[in-house]
Amino acid sequence: MAESTDCHKAQQDCPKVLILKPIPFINLVGEQYFASNKFTFLEAYDSSLPLHQFLSTHSPSIKAILSSVGAPPITADILHLLPEVGLVVTTSVGLNQVDLLECRRRGIKVANAGSIFSDDVADFAVGLLIDVLRKVSASDGYVRKGLWATKGDYPLGSKLGGKRIGIVGLGNIGFAVAKRLEAFRCSISYNSRKRKPHVSYPFYESVCELAANCDVLVICCELTDQTHHMINKEVLSALGKEGVIVNIGRGAIIHEKEMVQCLVQGEIAGAGLDVFENEPDVPLELFAMDNVVLSPHVAVFTPESFLDLRDLVVGNLEAFFSNKPLLSKFGDW
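Residues numbered from 1 in each chain as written. Predicted model: local features only at pLDDT ≥ 70, side-chain atom pairs only at ≥ 80, totals over all residues. Heavy atoms only, no water.

- An unreviewed UniProt entry lists the chain under the name glyoxylate reductase (NADP(+)), from Salix purpurea.

**Some thoughts on empty space enclosed by the protein**
- The full count for this structure, using the stated rule, is two cavities of 30 Å³ or more.
- Taken together, N247, G251, I254, E256, M259, L273, V275 and F276 make up the full set of residues lining the largest cavity.
- Here the lining of the largest cavity is built from residues that sort into five nonpolar, two polar and one charged. (1 Å grid on protein atoms, 1.4 Å probe; cavity = no way out; pocket = protein on both sides within 12 Å on 5 of 7 lines; lining within 4 Å. Points joined across faces, edges and corners; volume = space filled by probe spheres on them. Nonpolar A, V, L, I, M, F, W, Y, C, P; charged D, E, K, R; others polar.)

**Regarding the pairing of strand 2 (residues 40–43)**
- As paired strands, strand 1 (residues 16–19) and strand 2 are joined by four bridges and run parallel to one another. Across the sheet, the residue bridging to V17 is F41, located in strand 2.
- Tracing the backbone out of strand 1, into helix 1 (residues 24–29) and back to the parallel element strand 2 gives a crossover that is right-handed. (Pairing = 2+ DSSP bridges. Helix = DSSP H or I, 4+ residues; strand = E, 2+ residues; numbered from the N terminus. Right-handed = clockwise from strand over helix to strand, strands pointing away.)

**Brief notes about the sheet that holds strand 8 (residues 216–219)**
- The strand order across the open sheet built from six strands is 7-6-8-9-10-11, with neighbouring strands paired in parallel fashion. The two strands at the open ends of the sheet, each matched to only one other strand, are strand 7 (187–191) and strand 11 (292–294). On average, adjacent strands in this sheet sit at an angle of 15° to one another, irrespective of strand direction.
- Direction of pairing for strand 10 (residues 270–273) relative to strand 11: parallel, over a ladder of three bridges. Within strand 11, the residue paired with L273 across the bridge is L294.
- Sheet contacts for helix 8 (residues 172–182): strand 6 (164–168), strand 7 and strand 8; angle to strand 6, the most-contacted strand, approximately 170°. (Axes fitted to C-alpha atoms, helices over the stretch in contact; angles between N-to-C directions. Contact = heavy atoms within 4.5 Å.)

**Some details on a nonpolar patch on the surface**
- A contiguous nonpolar patch, built from L284, F287 and L294 and spanning about 330 Å² of accessible area, is present on the exposed surface.
- Within the secondary structure layout, L284 lies in the loop between strand 10 and strand 11. (Patch = residues over 30% accessible without salt bridge, like charges linked within 9 Å, V, L, I, M, F, W, Y side chains within 5 Å. Areas by Shrake-Rupley, 256 points an atom, 1.4 Å probe, with all protein chains shown as cover. Salt bridge = Lys/Arg side-chain N within 4 Å of Asp/Glu carboxyl O.)

**Brief notes about the layout of surface pockets**
- In this structure, the second largest pocket spans a volume of roughly 300 Å³.
- If you go around the second largest pocket, you meet 16 residues; those closest to its centre are V69, G70, N96, L223 and R250.
- When grouped by side-chain class, the residues that make up the lining of the second largest pocket number six nonpolar, seven polar and three charged.

**A closer look at the UniProt feature "domain: D-isomer specific 2-hydroxyacid dehydrogenase catalytic" (unreviewed entry) in the chain**
- The residues that UniProt annotates with the feature "domain: D-isomer specific 2-hydroxyacid dehydrogenase catalytic" (unreviewed entry) are residues 62–327.
- As a span, residues 62–327 carries 36% helix and 14% strand, and end to end its C-alpha atoms are 21 Å apart. (UniProt positions renumbered as here; feature names shortened; annotations may be inferred.)

**Overview of the packing of aromatic side chains**
- Across all of its chains, the model carries eight aromatic pairs by this definition.
- Taking the centre distance of 5.3 Å and the plane angle of 20° together, the rings of F301 and F306 count as stacked.
- Judged by its relative accessible area of 42%, F301 falls in the partly exposed class.
- When its relative accessible area of 9% is taken as the criterion, F306 is described as buried.
- Here F320 and F321 contribute two aromatic rings whose centre-to-centre distance is 5.1 Å and whose plane-to-plane angle is 70°, an arrangement assigned as edge-to-face.
- Residue F320 is classed as buried on the basis of its relative accessible area of 19%.
- Its relative accessible area of 5% is what places F321 among the buried residues. (Phe/Tyr/Trp six-rings, centres within 6.5 Å; stacked < 30°, edge-to-face > 60°. Buried < 20%, exposed > 50% of the residue type's maximum accessible area, 1.4 Å probe, protein only.)

**Some details on the pairing of strand 4 (residues 87–90)**
- Covered by surrounding structure in strand 4 are L87 and V89 together with V88 and T90, the residues of both alternating faces.
- Pairing between strand 3 (residues 62–67) and strand 4: four bridges, direction parallel. Bridge pairing links L66 to V89 in strand 4.
- Bridge count between strand 4 and strand 5 (residues 109–111): three bridges; the pairing is parallel. Across the sheet, the residue bridging to V88 is V110, located in strand 5.
- Once the chain exits strand 4 it traverses helix 4 (residues 100–106) before rejoining the sheet at strand 5, and the crossover so formed is right-handed.

Set out below in structure tokens:
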């Protein structure tokens with residue numbers, strides 16, 4: 001569509017960006033901040049029509065899709081109903097909710113959140129690790145319950161400095177975690193889909209071997225068919241009784257039942273978890289464990305990152321409708 005098109009004056013002819021489910025960050029930032037003269041949003045969840053009927057009805061005008069974590073997946077079946085779609089934009093870094101093979105087959109561009117969240121997630125990962133090792137949340141609860149006065153000093157935690165850290169997934173977030181932990185004089189090694197040629201950290205092809213040579217595993221990779229339940233009892237046993245695991249990736253990367261069993265039986269020392277396999281449901285066994293720190297999938301969320309994400313989402317959509325290069329994209333097709 002030509003750049004001179006004013007969608008506020010020509011709503012009927014304006015290209016539509018499909019949203020299948022409410023996107024939390026739009027509500028938090030404010031929908032008014034997404035106004036554009038290049039496109040308008042089409043909210044399927046506001047319609048009383050069955051989804052397939054709604055999509056078929058509006059198919060000619062739907063040119064792009066905006067997706068988020070927790071929204072219905074963008075499957076081949078949905079894309080089949082939308083032959084005019086040329087772009088899928090996600091508000092997340094991970095793309096496990098998008099059928100990338102179908103997008104590649106049809107030449108649909110895919111844009112994710114890029115490195116928008118890298119610093120915030122890396123900060124949070126280090127915070128979780130410090131909390132687990134130094135027992136910050138657990139000792140806070142001890143003081144608040146009045147136990148310091150009645151039961152005496154709380155058990156000491158262990159220091160972060162000098163720990164051997166294994167990072168699973170050395171992408172933008174993993175690398176940001178590594179650089180932060182270097183400041184604590186930690187020794188960094190990693191596992192990724194392939195060795196990073198310009199990185200000096202030791203590389204392990206096997207996650208199990210990485211775990212056996214580390215005190216801490218930090219999970220930073222994406223959830224894919226290959227990484228689903230990649231962190232299982234074998235890996236956790238290799239990490240050992242003094243080992244700690246931190247997960248700021250996706251819950252299902254860890255075999256949650258096996259992790260809980262390892263924690264209950266003392267086969268690993270602790271965990272810092274921002275993500276879970278069946279959110280928002282969290283295994284009840286974890287609630288009573290002082291050596292486990294839990295957070296409700298908030299590592300990426302700060303007001304600053306929301307505003308940056310808004311700029312990226314709107315910028316990518318406007319670039320697409322103006323036939324300009326995307327600000328960020330996934331893949332090269």
